[in-house]
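# Architecture at a glance
Spelled out, the chains give:
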Amino acid sequence: MRKVIGIGETVLDIIFKNDHPIEAVPGGSVFNGIISLGRSGIPTSLISETGNDRVGRNIVKFLEDNGVNASNINVYPESKSPISLAFLNEQNDAEYIFYKDHPHDQLDFDYPDVQKDDIVMFGSYYALNPVIRPQVHGFLEYARNHGAILYYDVNYRASHANEVVKLTSNLLENLEFADIVRGSCEDFEILFKKTDPDVVYRSQIAFYTKKFIYTQGANPVELRADGGLKKQYPVVVTETVSTIGAGDNFNAGFVFGLIKHGITRDIIDEGLTEKQWDEVIHCAQLFAAECCQSINNSVSPEFGATMKASLLSSE
């Protein structure tokens, strides 16, 4: 079966409601999606970093317990693992505060095996961070040269709004690497002061890739793709417990859909049909809706088992 390789941060998310802590779960934007894919029967691995402490050991164990290869996690002997505080508001959307103690970030790892049609997921500040940029850039180039499909989630937080100019060249390189780009309305408002999906696509994305997904919370998902395809997908109505990880799991579901429906590197180069887009985005929305129904950052093991069964039946 095709593999999915993620590259991104690991954190411990401590979640607050009404200013009281209610849960602590391992997280990270790519991490959350990789856990969901591991639970859904997809061979997965994560390239990341953590501290040599109790939190770091728990994060590595959590990956392994969920079927994710953790051999490419770089453990810093003298560092504490990153912590994120997530404060849920009345709509169960989160506001974040991040704490990180990695004074000597260097991200030293051996490249995992990458074959044609495997999928690489990357995004957020981790994919832009100048300190580890040489290693991230090197791996993305390696993966592209080996025929992988590169899926990029922009995921740019307001906490880094003052670094946009400094990071623009890295952002443009990521867009150039990407076969498929997803971003939220908040991302593009912070980065480009633009919120119209057509304007964002035309002025910032289309030069690099014709495959663009624009999400906007509870409002419809916007698709812009090859051949002038333009389509809206209403969001699945669900009772929301927490939106933490919703976008990350949209990514996971999308990648799951690529594998389930046999979307290969060659098909992506030629351009997906409207029916193929419908099928893959349907999977993305299922995963996102499932994640929102619990305080956890990923889909439930039970949902994952159902997805694994559907994957096996489609082979």
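Above this text sits the structure in question.
Keep in mind that what you see is a predicted model, and the values were worked out from it rather than measured.

This paragraph deals with the packing of helix 3 (residues 133–145) against helix 4 (residues 164–177). Close contact between helix 3 and helix 4 brings their axes to 11 Å; oriented N to C, the two are set at 15°. Taken together, helix 3 and helix 4 sit at an angle that is classed as roughly parallel. Both helix 3 and helix 4 take part in a crossing whose hand is left-handed. On the side of helix 3, the interface is formed by R133, H137, L140, E141 and R144, while helix 4 contributes N170, E173, N174, E176 and F177. Here the contact of helix 3 with helix 4 is built from residues that sort into 2 nonpolar, 3 polar and 5 charged.

Secondary-structure assignment places H160 in the loop between strand 10 (149–153) and helix 4. Assessed through its relative accessible area of 18%, H160 is described here as buried. Here the side chain of H160 touches E163 through a polar contact of 2.8 Å, side chain to side chain.

Along the chain, the position of C292 falls in the loop between helix 9 (274–291) and helix 10 (301–314). The exposure class of C292 is buried, given its relative accessible area of 9%. The spatial distance from the C-alpha of C292 to the C-alpha of V68 is 22 Å, given a sequence separation of 224 residues. When sequence neighbours within four positions are dropped, the list of residues in contact with C292 reads T238, E239, T240, V241, S242, T243 and A246.

Procedures and definitions
- Residues numbered from 1 in each chain as written.
- Predicted model: local features only at pLDDT ≥ 70, side-chain atom pairs only at ≥ 80, totals over all residues.
- Heavy atoms only, no water.
- Axes fitted to C-alpha atoms, helices over the stretch in contact; angles between N-to-C directions.
- Helix = DSSP H or I, 4+ residues; strand = E, 2+ residues; numbered from the N terminus.
- Parallel < 35°, antiparallel > 145°, perpendicular 65-115°, else oblique.
- Left-handed = near helix turned anticlockwise from the far one by under 90°.
- Contact = heavy atoms within 4.5 Å.
- Nonpolar A, V, L, I, M, F, W, Y, C, P; charged D, E, K, R; others polar.
- Buried < 20%, exposed > 50% of the residue type's maximum accessible area, 1.4 Å probe, protein only.
- Polar contact = N/O pair within 3.5 Å; in protein donor to acceptor, adjacent residues only side chain to side chain.

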